[in-house]
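# Commentary on secondary and tertiary structure
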Amino acid sequence: MTRPRFGLIARIAWLVLAIEALAFGALTAVYLDRSRTIMERRIEAQLQRVGRMLQEENLPLNAVATPCLMSDLIGLEYQGGFVLGGNGRVIVASDPFLLGKKAEEVPGFDPSWLNDAARPPIEASFTSERLTAVLRLRGPQTPIPLYTVVLDFDTAELRAAKREVIAWGTALSLAFLLFTSLAIVFVAHRLITRRVQRTLRALAQIEEGALETRIPITYADELGDLQQGINSMTEKLAAYIAEQKRAQARIRQLAFYDQLTGLPNRIAALEHLREILLSCPQEYGALLLVDLDDFKTLNDTLGHEAGDELLRQIAERLRVEFESQGLIARAGGDEFLVILSRLGATEEQAKQRVEVVFSRLRESLALPCRIDHASVRTTASAGGALFHDGDPGLEELLKRADVAMYHAKASGRDRLCFFDEEMARAVRRRAELERDLVKAVETGQFVLYYQLQVRGPSWPVGAEALIRWPHPERGLISPAEFIPLAEETGLIVPLGWWILENACRQLVAWERKAETAGLTLSVNVSARQFYQPDFVERVLEILEKTEADPRRLKLELTESTLASDLGGIIDKMRVLKQRGIGFALDDFGTGYSSLGYLKRLPLDELKIDQSFVRDVLTDPNDAAIARTIVALAESLGLQVIAEGVETPEQWKFLAELGCPAYQGYYFARPLPIEQFEETLRQMLAPASSDGQGTVKFEAGGGT
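All figures in this text were calculated on a predicted structure; none of them were measured in a lab. (Residues numbered from 1 in each chain as written. Predicted model: local features only at pLDDT ≥ 70, side-chain atom pairs only at ≥ 80, totals over all residues. Heavy atoms only, no water.)

### Details of the sheet that holds strand E4 (residues 130-138)
Strand order in this open sheet of five strands is E2-E1-E5-E4-E3, and the pairing throughout is antiparallel. One side of each edge strand has no neighbouring strand; the edge strands of this open sheet are strand E2 (90-93) and strand E3 (122-126). Put simply, the sheet's adjacent strands are angled 15° from each other on average, direction ignored. Strands strand E1 (77-84) and strand E5 (145-154) of the sheet are contacted by helix H2 (residues 67-74), whose axis makes an angle of about 105° with E1. (Pairing = 2+ DSSP bridges. Helix = DSSP H or I, 4+ residues; strand = E, 2+ residues; numbered from the N terminus. Axes fitted to C-alpha atoms, helices over the stretch in contact; angles between N-to-C directions. Contact = heavy atoms within 4.5 Å.)

### Things to note about a nonpolar patch on the surface
Among the surface-exposed residues, Ile 91, Leu 146 and Tyr 147 lie close enough to one another that they form a single nonpolar patch of about 240 Å² accessible area. With respect to the element layout, Leu 146 can be found in strand E5. Judged by its relative accessible area of 40%, Leu 146 is partly exposed. (Patch = residues over 30% accessible without salt bridge, like charges linked within 9 Å, V, L, I, M, F, W, Y side chains within 5 Å. Areas by Shrake-Rupley, 256 points an atom, 1.4 Å probe, with all protein chains shown as cover. Salt bridge = Lys/Arg side-chain N within 4 Å of Asp/Glu carboxyl O. Buried < 20%, exposed > 50% of the residue type's maximum accessible area, 1.4 Å probe, protein only.)

### A word on helix H12 (residues 492-511)
Its 20 residues place the ends of H12 28 Å apart at the C-alpha level, agreeing with the 28 Å of an ideal helix rising 1.5 Å per residue. In terms of residue burial, H12 counts as a mostly covered element, since 14 of its 20 residues are buried. (Expected span 1.5 Å × (residues − 1).)

### Focus on the pairing of strand E8 (residues 335-340)
Of all six residues making up E8, six are buried, and the element is well covered by its neighbours. Neither face of E8 is exposed, since Glu 335, Leu 337 and Ile 339 on one face and Phe 336, Val 338 and Leu 340 on the opposite face are all buried. Sheet topology note: the strand E6 (residues 285-292)/E8 ladder contains six bridges and is antiparallel. Of the residues in E8, the one forming a bridge with Leu 289 is Leu 337. Where strand E7 (residues 326-332) meets E8, six bridges bridge the pair, whose relative direction is antiparallel. Bridged to Ile 328 within E8 is Val 338. Remark: two residues form the turn of the hairpin made by E7 and E8, two consecutive strands paired antiparallel; Gly 333 in that turn has positive phi of roughly 60°.

### Brief notes about helix H14 (residues 535-546)
Its twelve residues place the ends of H14 17 Å apart at the C-alpha level, agreeing with the 16 Å of an ideal helix rising 1.5 Å per residue. Among all positions of H14, only Phe 535, Val 536, Val 539, Leu 540, Ile 542, Leu 543 and Thr 546 are buried. Angular distribution of buried residues about the axis of H14 spans 155°; they occupy a single face of the element. Residues Glu 544 and Lys 545 are exposed on H14 and point more than 90 degrees away from its buried face. Of the surrounding secondary structure, the elements contacted by the buried residues of H14 are H12, helix H13 (527-530), strand E17 (553-558) and helix H15 (566-578). With its phi angle positive at about 65°, Glu 547 sits one or two positions after the end of H14. (Arc of directions from axis to C-beta.)

### Digging into the side chain of Asn 231
Within the element layout of this structure, Asn 231 appears in helix H4 (residues 222-256). On the basis of relative accessible area, Asn 231 is assigned to the buried category, the value being 7%. Not counting chain neighbours up to four residues away, the residues in contact with Asn 231 comprise Arg 214, Ile 215 and Ile 217.

Rendered as structure tokens:
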């Protein structure tokens, strides 16, 4: 926008001119009125002097008929006049034709001229062109005038003087106005315009983004205060914008980068992958989902700070090794995303290059990480999904990488698996199984099987309650298939309460029969169920509801349950043990076995896992482990039972080790309650034996 050089000052000058014009106009009017008043008063004073002279006879009456004399005495051009006597006739006149005439006959006669004692001795009447003065000469003894003198004067000189005053006043006013306007413009240009122009230039630079610009302040006045305010505002604005930029950078850092490792996060990785897919590359690309193996174990053993440090070191290795080849991002937890592009024109070429990348990744992870004073090595499982020409879409690609990664985990870990359709079918089967499992929990499709537990050769002492799922379409589904899914989905918790309640009801039913009243019933409790805050309350509530004898109930815990919060676990066990409930440690020796927690836990029984029993006759290590567990249980005052006993040779070997109780197919399979009770009656009744005092049952399979 183009601004006039003196636009602001010109407007100020015009405003000042208008104000001064109005002011000087008013002053001129007052001055003219004052000048006229002064002139009139001067003339009135002259008239009074003439009146006194006539009154005192220092001036004869016939002077009225002398124009020159009267003009000199008054200072105005004398037009004429006359003197009226007491009889009302003209006795002296500048015009001889008026002599002797009555007052009424005089042109312009005014009755107020006549003798009137109430009127002042001198009256002057000014008009635009003439002055008429009336002088009343009174005697010393009477208020009535003896003579009345009427004088007329031309006021042209007054008008001329007034015009001269107006002319000079106007000229001086214009000169003053011009001078003051020029002075205002000059001073304002120096004090305002140049400073305003500097201010405007600085503001233009600030508008263009030069926030470091400052306005030079030359005078400490209002404009200087304004400039200082602009400078202060600019400084604050610059600080605010800088803070906003830092905040935006921080927001971007928080939104798109992982705070622990500094790598791009899942959001940034997916946005990058979406852009690649939208560009429809002609060469193959790959998405790798990399998951560290056994990371939870590290967290549980060394602590979360050690786990964080491990993630930082691995992230730095990945950044240095692979940043030039693709995008490395942390997806969350112990998972990383690797996005690779331009891997070749064929699927085979792409897979080969991905395998090379994963091989280098394995080598990098194989190097030990120093965490505090420990040396930690780790491995990773990775799932790979290829994309080409924008296919598949983003969500499907993520699903494929996730499925492939879990397949790598299930296949032994520390490996790379590429997605294929068989994996997809397995995922669909798993999803269908999960839906059916939810429905089964809601509709109660499960049943309990019971596997006998014996002491000595063949004496029944109890049973273990084992859940089975007779699927309405697929038939009997193995627990090995649906129990891990229930654990993963959390359905194991309601399922566990259902098992416990039905097991307690079975205990009550057994108490009514003499041959089963002394049996104990073992129930497996998952770690997820045991960690429920109201676990103790729910167990006691079920016992109270079913009226089962807690002394006949035994809860079996796995070693994985003891992986964390050992103190809380012990507190729960003690509360329940005070009510008479027993505890067994299932699958002992397969997890995080520790003599320390065995000493602290209020256990009643150890169960030798079937993985040791299976090869106890052929593997010296398994035999040594079984022998050690029996000796350990005896030294700690705990009962011991071996599960998975399938042959008489296994039973005999365990008996020789001192193991007193057994569970397995050699004695009885897991059976529905009717078949279990029938088998139990057969064992209690006199029956044929093998000569060793052991009742024979069909062997084979696993528990």
